[in-house]
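A closer look at the structure
Here is what each chain is made of, one letter per residue.
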Amino acid sequence: MLFVYAALALSTVAAPVAAKDWKSATITLEGAYAPWNMTNADGTLGGFEPELAKVLCERAEIECKLVASDWDGMIPALNAGKFDVIMDALSITEDRKKVIGFTIPYAATPAAFATAKDSPLANAAGTGATIKMTPGQTGVKEVDALKEAFKGKTIGIQAATVYAKFVYDNFGDIAEIREYKTGADRDLDLQNGRIDLGFDDAVYFANAFQSANDTLAFTGPEIVGSIWGEGEGLGVRQADTDLRDKLNEAIKSALADGTVKTLSMKWFKVDVSPQN
């Protein structure tokens, strides 16, 4: 997930932050992107990222406070000093690096289309396969096949994400694109037949299918590669290199000893650790 629009870079100015010891920090998550992160019945935040955040903060010797905030306002709010870290399946891309700083990635996941199981769009060409793409790559036969199949359909995407950019770039001229504030809102419309397709992180969708009573399924190939950036990392203000470095060491430790893999298997049933 990520902000990719140039207008954002122009409208956000990093608040100057003095060097500090970082004994404490505030981390924001959406709290609505299960199983990456979710809001529990008691109001606490749960999921893969909150549990990983606890590990990372302990290893970095930082007392962390987790707070929920809206996805589409996270980067401006970070730079305005409302919190110190974004942890929300935030893809590391060159466009975002112009606006904020990043740690090394703690995860890397594919993306895919989803549709209703009984839809004529189910089992589109490439379903079950994986293709690798790079930023700006065109002429990919599998994508061209999907463009033909999805012509005239409505595709739902969560606004201001890397997945939104991909859909606009590749399907904006042949399909109606509908934006949603949250993935859950989009999934509800997909389940109820108000849109034909959704596009999002594949491990997010795998969890969403269960919430939709198994009425939704992947269609077309999963897409991996640098088109989604370097992976998912923690976003920090560009000036906060000391905080970034502390968190980098904690991430390296959690990757090296298998903690990230263990939490991945618990929440995703697959290992999302970045592969070198």
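Calculation notes
Residues numbered from 1 in each chain as written. Predicted model: local features only at pLDDT ≥ 70, side-chain atom pairs only at ≥ 80, totals over all residues. Heavy atoms only, no water. Disulfide = S-S within 2.5 Å. Buried < 20%, exposed > 50% of the residue type's maximum accessible area, 1.4 Å probe, protein only. Helix = DSSP H or I, 4+ residues; strand = E, 2+ residues; numbered from the N terminus. Arc of directions from axis to C-beta. Contact = heavy atoms within 4.5 Å. Pairing = 2+ DSSP bridges. Axes fitted to C-alpha atoms, helices over the stretch in contact; angles between N-to-C directions. Left-handed = near helix turned anticlockwise from the far one by under 90°. Nonpolar A, V, L, I, M, F, W, Y, C, P; charged D, E, K, R; others polar. Core = buried A, V, L, I, M, F, W, Y, C linked by side-chain atoms within 4.5 Å. Phe/Tyr/Trp six-rings, centres within 6.5 Å; stacked < 30°, edge-to-face > 60°. pLDDT = per-residue confidence, 0-100.

Notes on the state of the cysteines
- The full count for this structure, using the stated rule, is one disulfide.
- In this model Cys-57 forms its disulfide with Cys-64; the gap between the sulfur atoms is 2.0 Å. Classification of the bridge connecting Cys-57 and Cys-64 rests on its S-S torsion, roughly -90 degrees, and on that basis the disulfide is left-handed.

Here's the deal with helix 10 (residues 259–267)
- Those residues of helix 10 that sit buried are Thr-259, Val-260, Leu-263 and Ser-264. Angularly, the buried residues of helix 10 cover 135 degrees about the axis, an arc narrow enough to put them on a single face.
- Where helix 10 is buried, its residues contact helix 2 (48–60) and helix 9 (241–256).

Let's talk about the sheet that holds strand 3 (residues 37–39)
- Ordered by their spatial adjacency, three strands build an open sheet running 2-3-4, and the pairing between neighbours is antiparallel. The open sheet has two edge strands, strand 2 (32–33) and strand 4 (45–46), and neither has a second partner.

A word on the environment of Lys-82
- Structurally, Lys-82 can be placed in the loop between helix 3 (74–79) and strand 6 (85–86).
- Separated by 76 residues in the primary sequence, Lys-82 and Gln-158 place their C-alpha atoms 23 Å from one another.

Examining the packing of helix 2 against helix 9
- Between helix 2 and helix 9, whose axes approach to 8 Å, the crossing angle comes to 115 degrees. Crossing handedness for the pair helix 2 and helix 9: right-handed. From helix 2, Leu-52, Leu-56, Arg-59 and Ala-60 reach across to helix 9, where they touch Lys-246, Ala-250, Ile-251, Ser-253 and Ala-254.
- Class assignment for the residues of the contact of helix 2 with helix 9 results in six nonpolar, one polar and two charged.

Quick word on the nonpolar core
- Ranked by internal contacts, the top residues of the largest apolar core, which has 68 residues, are Trp-36, Phe-166, Phe-171 and Phe-199.
- Every residue in contact with Phe-171, bar those within four places of it in the chain, is listed here: Phe-113, Val-143, Leu-146, Lys-147, Phe-150, Ile-155, Phe-166 and Ile-177.
- Core analysis: the second largest hydrophobic core is formed by 13 residues, Trp-71, Met-74, Leu-90 and Phe-102 among them.

Things to note about the packing of aromatic side chains
- Counted under the stated rule, the structure contains 19 aromatic pairs.
- On the basis of an interplanar angle of 75 degrees and a centroid distance of 6.1 Å, the ring pair of Tyr-163 and Phe-199 is categorised as edge-to-face. Residue Tyr-163 is found in helix 6 (residues 162–171), and its partner Phe-199 is found in strand 12 (residues 197–201); the two are separated by 36 residues along the sequence. The same class applies to Tyr-163 and to Phe-199, which are both buried.
- Seen from their ring centres, Tyr-163 and Trp-228 are 5.1 Å apart, and the 65 degrees between their planes marks the pair as edge-to-face. With Tyr-163 in helix 6 and Trp-228 in the loop between strand 13 (216–224) and strand 14 (235–236), the pair connects residues that are 65 residues apart, well separated along the chain. Here Tyr-163 matches Trp-228 in class, with each residue buried.
- Taken together, the aromatic side chains of Phe-113, Phe-150, Tyr-163, Phe-166, Phe-171, Phe-199 and Trp-228 make up a single cluster linked through ring pairs.

Considering the confidence of the model for the chain
- Of the residues in the chain, 93% reach a pLDDT of 70 or more, and the chain-wide mean stands at 93.
- Confidence drops under pLDDT 50 across residues 1–17; counting only partners more than four residues distant or on other chains, this segment forms 50 contacts.

Here we look at the sheet that holds strand 11 (residues 176–180)
- Here we have six strands laid out as an open sheet, ordered 9-13-8-12-10-11, and mixed in their pairing. Each having just a single partner strand, strand 9 (130–132) and strand 11 make up the two edges of the open sheet. Neighbour-to-neighbour, the strand axes of the sheet open up by a mean angle of 30 degrees, direction not taken into account.
- When strand 10 (residues 154–158) meets strand 11, the two strands line up parallel, connected through five bridges. Note on strand 11: the bridge partner recorded for Ile-157 is Glu-179.
- Contacts from helix 7 (residues 183–191) reach strand 8 (111–116), strand 10, strand 11, strand 12 and strand 13, with the element oriented near 150 degrees to strand 12.

Here's the deal with unusual backbone geometry
- Following Ala-34, the chain continues to Pro-35 via a peptide bond in cis, the omega torsion being 0 degrees.
- Positionally, Pro-35 belongs in the loop between strand 2 and strand 3.
- The backbone of Lys-269 sits at a positive phi, close to 70 degrees, despite the residue not being glycine.
- Of note, Lys-269 is situated in the segment after helix 10.

A look at the pairing of strand 13
- Sheet analysis places strand 8 next to strand 13, joined by five bridges and oriented antiparallel. Residue Ala-114 lies in a different strand from strand 13, and its bridge partner there is Phe-218.
- Bridging between strand 9 and strand 13 involves three bridges; their strand directions are parallel. When the sheet's bridge partners are listed, Thr-130 is paired in strand 13 with Glu-222.

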